[in-house]
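Summary of the model geometry
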Amino acid sequence: MVSLKPDFFEWTLPTLNGGKYKYCANNLHGTCNWLVPSENPSEFCLACSLNRTIPDLDNPENHSHWKQIEFAKHRLIYQLLRLRLQIISKTDDPAYGLCFDFVSPKSSNNIKTGHANGVITILISEADSVIREKVKHEMKERYRTLLGHFRHEVGHYFWDILVKNNNDILSKFRKIFGDDTVSYRDSLRNYYVNGPRKNWQNFYISKYASSHAWEDWAETWSHYLHLMDALETAHNFGIRTEPKLEGENKLNFNASFDPYNESDLRTILETGIPLLYTMNSMNRSMGKDDPYPFIISEPVKTKLAFIHNLLFERNSF
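We now turn to the structure provided with this report. Quick caveat, the model's predicted, so the values are computed rather than measured.

Time to look at the overall build of the chain. Assigned secondary structure in the chain consists of nine helices and nine strands. For 317 residues, the compact-globule estimate of 2.2 N^0.38 gives 20 Å, and the C-alpha radius of gyration of the chain, at 21 Å, lies within 12% of that figure. Referenced to the eigenvectors of the C-alpha coordinate spread, the extents of the chain come out at roughly 55 × 50 × 45 Å. A buried classification covers 44% of the 317 residues belonging to the chain. Counting contacts in the chain only where the partners sit at least 6 residues apart, residues at least 24 apart contribute 56% of the total. For the chain, the exposed area adds up to about 18000 Å²; of that, 51% sits on carbon and sulfur atoms.

Right under this line is the structure:
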């Protein structure tokens, strides 16, 4: 984060090695406040350069929705950078790169929010809180946000990048998450017809995670990102608690560390779970729904550990 003098179009920033920087071109639309090196041939920052399709901005409603989508996507890209994950545009690497399509339901020809071969599609209607709440109710979901969509779908992308073609990692994945070779289409059809697996709460972070090993990974991945982001925010605010609840010392926490530099998931969970409980309790005091309406069971902790160790060992933070 840097502060900039107003009414300038280019800045020399000592905190960034004295280099010259300019705003990303999407700053003109009010959707981006990231900077680009002045000598960069692209007018767009890393996050915006990943866009393949954006909605028609002649429609004011589309512009408003796109703005909300970009805020969520930029937070995602920032977090992926903190995790030291390589981010390559599909323009530069058609086979393994990443890109985003933000489309209107009216022009999508039944295309849905999802991921396929590095292309993450988000229906811009998801930026409408009323529509999102309606879909949440229809799908009997406990949580549905734009940021949650991004984290889930990019989880599918990174399964392809990190797990799919590494036999050793894939073997470990299957022991923890299950057999990914089971028909994905049949598994989803069974889920939507018959509902989640019995006693899913004991083994999965969500109902949908029980539908197939790929969805279990993507759901667990997104919750890992939820946890890490919440902890980073708590750390930067210096949040700690000592609740006045007799016999509940396990709810004490001190977010005194940067989670992206912590190798031990136990430390992250011992701080993160009380933090999430505190967040829920604060929301209830304001008459709001729990921001994190989930229970992290022991099997889910094992799955979170798999993801954490995979990232940590790969990047040696």
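What follows deals with the nonpolar core. Buried together is how nonpolar side chains tend to be arranged in soluble globular proteins. In this structure, Trp-217 and Trp-221 are the most contacted members of the largest nonpolar core, which totals 69 residues. Looking at which element gives the most residues to this core, the answer is helix H7 (residues 213–237), with eleven residues. Those residues in contact with Trp-221, other than ones at most four positions away along the chain, are Leu-85, Arg-151, Val-154, Gly-155, Phe-158, Leu-162, Ile-307 and Leu-311.

This next bit is on the state of the cysteines. Using the criterion set out here, one finds zero disulfides in the structure. Unpaired in this structure, Cys-24 has its nearest cysteine sulfur neighbour in Cys-48, at a distance of 3.7 Å.

Before going further, it helps to examine the pattern of salt bridges. What the rule picks out here adds up to 16 salt bridges. For Asp-101, the salt bridge is made with Arg-52, and the minimal N-O distance between the two is 2.7 Å. With a gap of 49 residues between them, Asp-101 in strand S5 (residues 99–103) and Arg-52 in strand S4 (residues 51–53) connect regions that are remote in the sequence. Residue Asp-101 is classed as buried on the basis of its relative accessible area of 9%.

On to the sheet that holds S5. The strand order S4-S5-S7-S6 describes an open sheet built from four strands, whose pairing is mixed. Bordering the open sheet on either side are S4 and strand S6 (114–116), each of which pairs with just one other strand. Adjacent strand axes in the sheet meet at a mean angle of 30 degrees, parallel and antiparallel pairs treated alike. In the sheet, S4 pairs with S5 via two bridges, with the strands oriented parallel.

Now for the environment of Tyr-192. Mapping Tyr-192 onto the fold places it in helix H6 (residues 184–194). Between the alpha carbons of Tyr-192 and Met-279 there is a distance of 31 Å; along the sequence they are 87 residues apart. If we ignore the near neighbours within four places in the chain, the residues touching Tyr-192 are Met-139 and Tyr-208.

Okay, the sheet that holds strand S1 (residues 11–13) next. Within a sheet, each strand pairs with its neighbour through backbone hydrogen bonds, oriented either parallel or antiparallel. Pairing within the open sheet is antiparallel, and its three strands lie in the order S1-S2-S3. Each having just a single partner strand, S1 and strand S3 (35–37) make up the two edges of the open sheet. Across this sheet, the average inter-strand angle for adjacent strands is 45 degrees, counted without regard to direction. The sheet contact formed by strand S2 (residues 19–23) and S3 spans three bridges and is antiparallel. Residue pairing across strands places Tyr-23 opposite Leu-35, the latter belonging to S3.

Glancing now at the pairing of strand S7 (residues 119–123). Of all the five residues making up S7, five are buried; the element is thus mostly covered by neighbouring parts of the structure. Side chains Val-119, Thr-121 and Leu-123 of S7 all project onto a buried face; the interleaved residues Ile-120 and Ile-122 project onto the opposite face, where all are buried too. With five bridges connecting them, S5 and S7 associate as parallel partners. When the sheet's bridge partners are listed, Asp-101 is paired in S7 with Thr-121. Of the pairings in the sheet, the one linking S6 to S7 comprises three bridges and is antiparallel in character. For Gly-114, the partnering residue across the bridge sits in S7 and is Thr-121. Linking two consecutive strands that pair antiparallel, namely S6 and S7, is a turn of two residues; a positive phi of about 50 degrees is found at Asn-117 within it.

This part is about the packing of helix H2 (residues 60–82) against helix H4 (residues 146–162). Close contact between H2 and H4 brings their axes to 9 Å; oriented N to C, the two are set at 45 degrees. Considered as vectors, H2 and H4 are oriented oblique to each other. Crossing angle aside, the handedness with which H2 passes H4 is right-handed. In this structure, H2 uses Gln-68, Ile-69, Ala-72, Lys-73, Arg-75, Leu-76, Gln-79 and Leu-80 to contact H4, whose residues at the interface are Leu-146, Leu-147, Phe-150, Arg-151, Val-154 and Phe-158. Considering only residue class, the contact of H2 with H4 consists of nine nonpolar, two polar and three charged.

Cut-offs applied
- Residues numbered from 1 in each chain as written.
- Predicted model: local features only at pLDDT ≥ 70, side-chain atom pairs only at ≥ 80, totals over all residues.
- Heavy atoms only, no water.
- Helix = DSSP H or I, 4+ residues; strand = E, 2+ residues; numbered from the N terminus.
- Rg over C-alpha atoms; globule rule 2.2 N^0.38 Å.
- Buried < 20%, exposed > 50% of the residue type's maximum accessible area, 1.4 Å probe, protein only.
- Contact = heavy atoms within 4.5 Å.
- Areas by Shrake-Rupley, 256 points an atom, 1.4 Å probe, with all protein chains shown as cover.
- Core = buried A, V, L, I, M, F, W, Y, C linked by side-chain atoms within 4.5 Å.
- Disulfide = S-S within 2.5 Å.
- Salt bridge = Lys/Arg side-chain N within 4 Å of Asp/Glu carboxyl O.
- Pairing = 2+ DSSP bridges.
- Axes fitted to C-alpha atoms, helices over the stretch in contact; angles between N-to-C directions.
- Parallel < 35°, antiparallel > 145°, perpendicular 65-115°, else oblique.
- Left-handed = near helix turned anticlockwise from the far one by under 90°.
- Nonpolar A, V, L, I, M, F, W, Y, C, P; charged D, E, K, R; others polar.

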